[in-house]
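Fold and geometry: a report
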Amino acid sequence: MRDLAQHLTQSKARRQPLRQFNRLFRRALPVSAFVAILMMPLSATAEIKSARYLNPTDRYGHKVLGAEGEYTTLEVTLRGGKRLALAWEDTVVFEDTAPRLVDLDGDGAPEVIAVQSHQNGGAQVAVYQFKDGKLSPMVSNPFIGTRFRWLAVVGAADLDGDGHMEIAYVDRPHLAKTLRILRFKQEGDKSYSLTPVAQRSGVTNHRIGQDYISGGIRDCGKGPEMIVADANWRNILSVTFDGKTTEVKRLGPFTGRSSITAATSC
């Protein structure tokens, strides 16, 4: 991991090393790249019950989420109370409000969706799994490509009803303000993908310094809807995805956090 970070810093062609980093993640990072911390003995049949970030750090120093919001460690608690954690070395932090537990692969046990940021590459969506007695990387999309560029997760659901789960996020909610949808697929016994399938500009779900993300995914009986604000924080929007395109509907004026929270809960 440290060798990779040195190469990233010295290289004039930054995109290629970042692609190499993403390939490392998809293959499951070697022991030299990750520091694994076993908190209690594990059972191979256990599953994740909860997850949280630990050990706030200022080594990245973006502070887009306020005083905290950047962490070195992801910890999961298994059913029965056993705990397992993974800690990044000094090139990457978890930059997020909280991990999200969602069953992406349909096996009945949840995976962990996180946002992590590289010192040179900015943020990416990363998925972790507990399997064969270990907490390990499962799949990620590429880093945005520039330091201090972040993304805010909207949520995960089968947005178009095709049997595959999607992860939605707002890419650079203070700059690009673009909703992006990734489709999660299992490609083989140990291979997974996150494929971009749609995007929509002119939306946001976060303001600089807030320690929370506004909106989310709701289902009020007609299928999943992504709830976000427009780019100017004037209106609350519902965005739906039919497998090919997105459709936007105005739900009402944005009058503060409580208004979008109410919209998210139908």
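Throughout, residues of each chain are indexed from 1 in the direction in which the sequence is written. For a predicted model such as this one, the threshold for reporting local features is a pLDDT of at least 70, and the threshold for listing and counting side-chain atom pairs is 80 or more; totals across whole chains, interfaces and linings nevertheless cover every residue. Side-chain numbers here rest on the full set of heavy atoms in the structure, without hydrogens or water.

The name recorded for the protein chain in an unreviewed UniProt entry is FG-GAP repeat, from Cognatishimia activa.

1. Observations concerning the overall build of the protein chain
For the purposes of this entry, the term helix denotes a DSSP run of H or I that reaches at least four residues, the term strand denotes a run of E that reaches at least two, and both are numbered from the N terminus. Across its full length, the protein chain carries three helices and 18 strands. Buried residues are those whose accessible area, probed at 1.4 Å on protein chains only, stays under 20% of the maximum for their type, while exposed residues exceed 50% and partly exposed ones sit between those limits. Looking at the protein chain as a whole, 52% of its 266 residues qualify as buried. Put simply, of all contacts in the protein chain between residues at least 6 apart along the chain, 55% involve residues at least 24 apart. To be clear on the numbers: accessible area is Shrake-Rupley with a 1.4 Å probe, and residue cover counts the displayed protein chains and nothing else. Accessible surface, the protein chain: about 12400 Å² in total, of which carbon and sulfur atoms supply 47%. Only heavy atoms matter for contacts: two residues are in contact if any of them lie within 4.5 Å across the pair.

2. Thoughts on the environment of glutamate 47
Tracing the sequence through the fold places glutamate 47 in the loop between β1 (34-38) and β2 (48-56). The sequence separation of glutamate 47 and lysine 82 amounts to 35 residues, and the corresponding C-alpha distance is 9.8 Å. In contact with glutamate 47, other than residues within four places in its own chain, are Thr77, Leu78, Arg79, Gly108, Ala109, Pro110 and Phe130.

3. What to know about the side chain of glutamine 116
Take glutamine 116: it is sitting in strand β7 (residues 111-118). Each polar contact in these results corresponds to two N or O atoms within 3.5 Å; when the atoms are within protein, one needs to be able to donate a hydrogen and the other to accept it, and residues that are neighboring in sequence are counted only if both atoms are side-chain atoms. Within polar-contact distance, the side chain of glutamine 116 engages the side chain of tryptophan 88 at 3.3 Å. A polar atom in the side chain of glutamine 116 sits 2.8 Å from the side chain of glutamine 124.

4. Structural notes on the confidence of the model for the protein chain
Values of pLDDT, the confidence the predictor places in each residue, fall between 0 and 100. Summarising the model, the protein chain shows a mean pLDDT of 88, and 83% of its residues fall at 70 or more. Low pLDDT (under 50) marks residues 1-17, which in the prediction has 27 contacts with non-local residues, meaning those over four places away or in another chain. This model gives residues 37-44 a pLDDT under 50, and the stretch forms 21 contacts once residues within four places in sequence are excluded.

5. Quick word on the side chain of aspartate 96
One can find aspartate 96 in the loop between β5 (92-95) and β6 (100-102). Here valine 115 takes part through its backbone nitrogen, which lies 3.4 Å from a polar atom of the side chain of aspartate 96. Discounting residues that sit within four places of it in the chain, aspartate 96 has contacts with Tyr53, Leu65, Gly69, Tyr71, Ala114 and Val115.

6. Regarding the pattern of salt bridges
For this document, the term salt bridge refers to a Lys or Arg side-chain nitrogen within 4 Å of an Asp or Glu carboxyl oxygen. Per the counting criterion, the structure on display carries 10 salt bridges. With its nearest N and O atoms 2.8 Å apart, the salt bridge here joins arginine 100 to aspartate 96. As far as burial versus exposure is concerned, arginine 100 and aspartate 96 are alike and both buried. In this structure, aspartate 162 engages arginine 183 in a salt bridge whose closest nitrogen and oxygen atoms are separated by 3.4 Å. In this pair, aspartate 162 is assigned in the loop between β10 (151-157) and β11 (166-171) and arginine 183 in strand β12 (residues 178-186), connecting sequence segments 21 residues apart. On the basis of relative accessibility, which here comes to 36%, the residue aspartate 162 falls in the partly exposed class.

7. Focus on unusual backbone geometry
Of note, lysine 177 is a non-glycine position whose phi angle comes to about 50°, a positive value. Position of lysine 177 relative to the elements: it lies in the loop between β11 and β12. One non-glycine residue, tryptophan 233, lies in positive phi territory at about 60°. In this structure, tryptophan 233 sits in the loop between β16 (224-230) and β17 (235-241). We classify tryptophan 233 as buried; its relative accessible area is 11%.

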